[in-house]
Each structure stands twice: as C-alpha cells, then as structure tokens.
Amino acid sequence: MKRVLGVYSAPRPHWVGDGFPVRSMFSYQSHGKQLSPFLLLDYAGPAEFGPADQPRGVGQHPHRGFETVTIVYKGEVAHRDSTGQGGVIGPGDVQWMTAGGGILHEEFHSEQFTRSGGALEMVQLWVNLPAKDKMAAPGYQAIRDHDIPIVALPDGAGSVRVIAGNFDGHAGPAHTFSAMNVWDLRLNQGGIADLALPQGWTGAVVVLRGTVLVNGETVARDAQMVVLDRDGSKVSIEANNDAVLLLLSGDPIDEPIVGHGPFVMNSKEEIAQAISDFNNGRFAQAVHQE
C-alpha cells in the first residue's frame with residue numbers, strides 16, 4: 001500500500017472574481033514536492049446563485065508555465081482565451097488549457113446559467129510543465145463528458161471516469177506533457193475500490209462529497225485530501241456513504257518550482273521575465289472581444 005502521509009482539510013472559501021467561491025485544497029507552497037506534477041487545486045462550491053442580468057466570474061488574467069484543468073460537476077462556465085478558443089462547459093465536461101509560454105484567459109458563468117441561476121460546483125487543477133515545455137505554444141483541449149471513458153468497478157462498488165492517464169486498460173482523452181492519472185471516482189455506499197498506482201508516483205485522494213476510509217485506517221470527509229507516499233503501488237478506498245472524489249497520481253517533476261501569482265516557472269529570473277513580457281505587451285494578444 002502507498003502509506004498515508006497526512007489528511008488535510010480545505011481552508012475557508014475565498015472569492016475568485018465575483019463568480020467562484022473556492023477552497024484551495026492544496027498549493028505548490030504547501031505540497032509542491034509531495035504532489036508534483038500537480039501544483040494547486042481549487043474546489044469551487046457547491047454554491048447556489050440566483051438569476052442575474054450580468055454574468056459573474058473573473059475577467060482577463062494571464063498564465064505562464066503550467067496547465068489549468070477545469071472539471072465541472074454542476075452549473076456552466078463560459079471561457080475565452082487569447083488563442084481564439086472559447087466555449088461553454090457544463091456538467092461532466094473538462095477544459096484542459098495549456099498556458100505554456102503565455103495565455104490570457106477569462107471565465108464567467110454562461111449566459112444560460114446567469115439567467116436561470118442554480119447550483120455551481122467545479123474543480124480547477126493546476127498541472128506543472130517540465131522545464132523543457134514551460135514555453136510551449138498555448139493550447140486548449142475541449143473534453144466533453146461523452147468523450148471520457150467510464151469504467152465500472154468490481155462488485156458494484158462504483159465507477160471511474162478516466163480524464164487523463166490509464167485505468168484498467170482504458171485511456172483518458174487528455175494529452176499531458178508528463179505521465180499522470182486524473183481519475184474522477186464515484187463510489188457507492190459500502191463500495192471498496194482497490195486501485196493500482198505506479199511505484200514512485202505521487203498520489204492524493206481528494207474527497208469532494210461523502211466519507212471514505214483509505215487503506216482501512218484513515219477517514220476523510222467532504223473537502224479533505226489524503227496525501228499518499230511515493231513508495232508502494234496500491235491504495236484501497238472504502239465508501240462509508242455515496243462519495244465523489246478525485247484521485248491524482250503522477251510521475252514527479254523533480255525541478256525547482258518558483259511561482260508568482262499566475263506564473264509558475266523554475267527560477268526568479270524567469271518570473272521576472274514573465275512579468276516584464278506581460279507588462280510590455282509581449283505576453284500574448286488580448287482576448288478577442290466580441
């Protein structure tokens with residue numbers, strides 16, 4: 001078994017713009033080495049929004065040096081970026097955006113969700129890029145719910161949606177720059193999932209809803225994260241009630257992590273260059289205005 005290194009509870013929520021009340025489950029300041037290649041995970045909601053005339057969200061902002069992965073559980077999010085890409089993602093959809101050498105991005109509630117209101121629940125994961133790929137061309141992967149394999153677990157325990165990596169011979173649709181698994185798990189009450197993970201990879205079980213028992217001894221509840229040791233090749237998760245969780249595992253990128261706001265690079269000099277490029281208009285073209 002991969003030994004449990006700790007259980008961490010999400011702090012109080014803070015607002016990103018006026019549309020996303022988020023709890024930061026981890027960041028590279030707290031778990032940079034333990035969870036590489038993953039840098040940060042924000043859990044937005046669950047939150048109820050009333051109908052509105054103007055979309056809520058976060059306006060144009062830059063990124064460089066990593067990828068953002070947005071997984072929607074409830075509600076709808078509209079996005080646009082400086083590559084000309086954009087669209088609406090809803091329940092089950094995933095937006096995998098490569099900032100690479102630089103991108104400008106904005107995210108708002110969709111027009112339909114703004115008019116109707118309702119429940120919003122989503123996760124945004126930051127994935128590091130290896131030094132050789134930090135300045136890769138910006139890109140975007142629109143991954144729809146129907147494109148994501150769903151694999152049933154034995155004995156009716158639940159199911160795994162394979163967003164990235166591989167599970168039981170099923171490959172996720174996401175292209176990644178380093179080896180990793182991003183699995184969206186649904187466990188039924190009393191279900192037990194015995195999951196194989198590569199030796200030497202980092203690992204974390206992020207509980208969004210429900211209560212689970214990890215490796216027969218560690219309890220984790222809503223908005224808690226269980227960090228696993230790199231050593232070992234298996235984790236066991238038992239659901240005390242119906243549960244929704246993410247399992248993240250990856251081949252660690254053992255390189256320096258230097259971050260400043262929306263930029264994550266390998267040195268202070270590269271951060272200074274990113275700030276200079278952005279301030280001097282060399283970062284990227286502005287988001288296309290309609």
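Bear in mind that the values here come from a model prediction, so they are computed numbers and not experimental data.

A. Here's a closer look at the sheet that holds strand E10 (residues 103–109). Strand order in the open sheet formed by four strands is E5-E10-E7-E8, with antiparallel pairing between adjacent strands. Strands at the two margins of the open sheet, each flanked by one partner only, are strand E5 (57–63) and strand E8 (86–89). Shown here is a sheet whose adjacent strand axes are inclined to one another by a mean of 20°, direction ignored.

B. Broad picture of the nonpolar core. One finds Met25, Phe26, Leu41, Trp96 and Leu125 to be the most contacted residues of the largest nonpolar core, which totals 31 residues. If sequence neighbours within four positions are ignored, Leu125 has contacts with Phe26, Phe38, Leu40, Leu41, Glu67, Thr68, Val69, Val182 and Leu248. Leu153, Val160, Val214 and Ala220 belong to the second-largest nonpolar core, a separate cluster that totals 26 residues.

C. Spotlight on the layout of surface pockets. Estimates place the volume of the largest pocket at around 330 Å³. What lines the largest pocket is a set of 16 residues, and nearest its centre among them are Val16, Asp42, Glu107, Gln124 and Trp126. Only strand E2 (14–16), strand E3 (20–26), strand E4 (38–49), E5 and strand E11 (118–128) provide two or more residues apiece to the lining of the largest pocket. If one sorts the elements of the lining of the largest pocket by residue count, E11 sits on top with four residues. Here the second largest pocket defines a volume of roughly 270 Å³.

D. Structural view of the sheet that holds strand E9 (residues 94–98). Read from one edge of the open sheet, seven strands run E2-E3-E4-E11-E6-E9-E12, paired in antiparallel fashion. Of all strands in the sheet, those with a lone pairing partner are E2 and strand E12 (139–143), marking the two edges. Sheet twist, expressed as the mean angle between neighbouring strand axes with direction ignored, is 25°. In this structure, E2 lies alongside E3, joined through three bridges in antiparallel fashion. What sits directly across from Trp15, in E3, is Pro21.

E. Spotlight on the pattern of salt bridges. A full pass over the atoms with the stated rule returns eleven salt bridges. Note that Arg64 and Asp277 form a salt bridge whose closest N and O atoms lie 3.2 Å from each other. Taken together, the residues Arg64 in the loop between E5 and strand E6 (66–74) and Asp277 in helix H3 (residues 268–279) connect sequence positions 213 residues apart. Judged by its relative accessible area of 4%, Arg64 falls in the buried class. Judged by relative accessible area, Asp277 falls into the buried class, the value being 9%. One connected set of salt bridges, linked through shared partners, spans Asp145, Arg161, Asp184 and Arg186.

Cut-offs used in this document
- Residues numbered from 1 in each chain as written.
- Predicted model: local features only at pLDDT ≥ 70, side-chain atom pairs only at ≥ 80, totals over all residues.
- Heavy atoms only, no water.
- Pairing = 2+ DSSP bridges.
- Helix = DSSP H or I, 4+ residues; strand = E, 2+ residues; numbered from the N terminus.
- Axes fitted to C-alpha atoms, helices over the stretch in contact; angles between N-to-C directions.
- Core = buried A, V, L, I, M, F, W, Y, C linked by side-chain atoms within 4.5 Å.
- Buried < 20%, exposed > 50% of the residue type's maximum accessible area, 1.4 Å probe, protein only.
- Contact = heavy atoms within 4.5 Å.
- 1 Å grid on protein atoms, 1.4 Å probe; cavity = no way out; pocket = protein on both sides within 12 Å on 5 of 7 lines; lining within 4 Å.
- Points joined across faces, edges and corners; volume = space filled by probe spheres on them.
- Salt bridge = Lys/Arg side-chain N within 4 Å of Asp/Glu carboxyl O.

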